[in-house]
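In case you want the letters, here they are:
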Amino acid sequence: NRARGLSPGKLVEMTEGFASYTSATGDVDRDGKGQIKAAREFGKLFLDPKGSTLQDIFVEETAKYGDAMTRRALRAMLVDNAAAKAASSILRGPREVLGRNEQLDNSNFFF
């Protein structure tokens, strides 16, 4: 089994490839027309009424973000605030007493 991790050889290869690509494409879009065309194509892809993989990813990630924010807000309201902690400690006392009573009832001590 090969050890997983960053390979120095692969890092050098990638760096050289990036440098080569950068020098080869540095003069390609001086007037910005390519960027404008790319933005238009991205807009078409993103706003396509038939849908696209990009839209699917956006919807999925937005749903995950919404879920995380909702969970955080509910936790702050129902678990982490002072009133919730006070109610929890008040209710914990009788529950612990009931638990001790059940242990006594289940023991084999006869008086």
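Please read these numbers as outputs of a predicted model, since none were measured by experiment. (Residues numbered from 1 in each chain as written. Predicted model: local features only at pLDDT ≥ 70, side-chain atom pairs only at ≥ 80, totals over all residues. Heavy atoms only, no water.)

> Please clarify how the overall build of the protein chain should be interpreted in this entry.
Scanning the protein chain from terminus to terminus reveals four helices and zero strands. Across the protein chain, helices and strands are ordered from the amino to the carboxyl terminus as α-α-α-α. Looking at the protein chain as a whole, 4% of its 111 residues qualify as buried. Accessible area for the protein chain stands at about 10,600 Å²; split by element, carbon and sulfur atoms hold 61% of it. (Helix = DSSP H or I, 4+ residues; strand = E, 2+ residues; numbered from the N terminus. Buried < 20%, exposed > 50% of the residue type's maximum accessible area, 1.4 Å probe, protein only. Areas by Shrake-Rupley, 256 points an atom, 1.4 Å probe, with all protein chains shown as cover.)

> Explain the pattern of salt bridges to me, please; I cannot follow it from the model alone.
Opposite charge on two side chains lets them pair, provided their charged atoms get close. Scanning the model with the defined rule gives five salt bridges in all. For the salt bridge of lysine 64 with glutamate 60, the shortest nitrogen-to-oxygen distance reads 3.6 Å. Here lysine 64 pairs with glutamate 60, and both are found in helix H3 (residues 53-78), just four residues apart, close to one helical turn. Residue lysine 64 is classed as partly exposed on the basis of its relative accessible area, which comes to 45%. Glutamate 60 gets classed as partly exposed once you look at its relative accessible area, which sits at 45%. Glutamate 61 is paired through a salt bridge with lysine 64; the nearest N and O atoms lie 3.4 Å apart. A residue pair is termed a helical-turn pair when its members lie 3 or 4 positions apart in one helix, as glutamate 61 and lysine 64 do in helix H3 at three residues. Here the residues in one salt-bridge network are Glu60, Glu61 and Lys64, joined through shared partners. (Salt bridge = Lys/Arg side-chain N within 4 Å of Asp/Glu carboxyl O.)

> In this structure, what is going on with the packing of aromatic side chains? I would like to understand it.
Note on aromatic pairs: each is described by the distance of the centres and the angle between the planes. Counting across every chain of the model gives two aromatic pairs. Ring geometry for phenylalanine 42 against phenylalanine 46: centres 5.8 Å apart, planes inclined by 10 degrees, an arrangement best described as stacked. Taken together, the positions of phenylalanine 42 and phenylalanine 46, both in helix H2 (residues 33-46) and four residues apart, correspond to about one turn of that helix. Given a relative accessible area of 47%, phenylalanine 42 falls into the partly exposed group. Measuring from centroid to centroid gives 5.3 Å for phenylalanine 46 and phenylalanine 58, while their planes differ by 75 degrees, and the two rings are edge-to-face. (Phe/Tyr/Trp six-rings, centres within 6.5 Å; stacked < 30°, edge-to-face > 60°.)

> In this structure, what is going on with the side chain of serine 52? I would like to understand it.
Note on placement: serine 52 falls in the loop between H2 and H3. Here leucine 45 takes part through its backbone oxygen, which lies 3.1 Å from a polar atom of the side chain of serine 52. (Polar contact = N/O pair within 3.5 Å; in protein donor to acceptor, adjacent residues only side chain to side chain.)

> Explain the confidence of the model for the protein chain to me, please; I cannot follow it from the model alone.
Low pLDDT means the predicted coordinates in that region are not meant to be read closely. This prediction gives the protein chain a mean pLDDT of 79; 75% of its residues lie at or above 70. Across the protein chain, the secondary-structure element scoring lowest on mean pLDDT is helix H4 (residues 82-106), at 72, and the one scoring highest is H3, at 93. (pLDDT = per-residue confidence, 0-100.)

> Where do I start with a nonpolar patch on the surface in this structure?
Taken together, the side chains of Leu74, Met77, Leu78 and Val79 present a nonpolar region at the surface, about 380 Å² in accessible area. Looking at where leucine 74 falls in the secondary structure, it is placed in helix H3. (Patch = residues over 30% accessible without salt bridge, like charges linked within 9 Å, V, L, I, M, F, W, Y side chains within 5 Å.)

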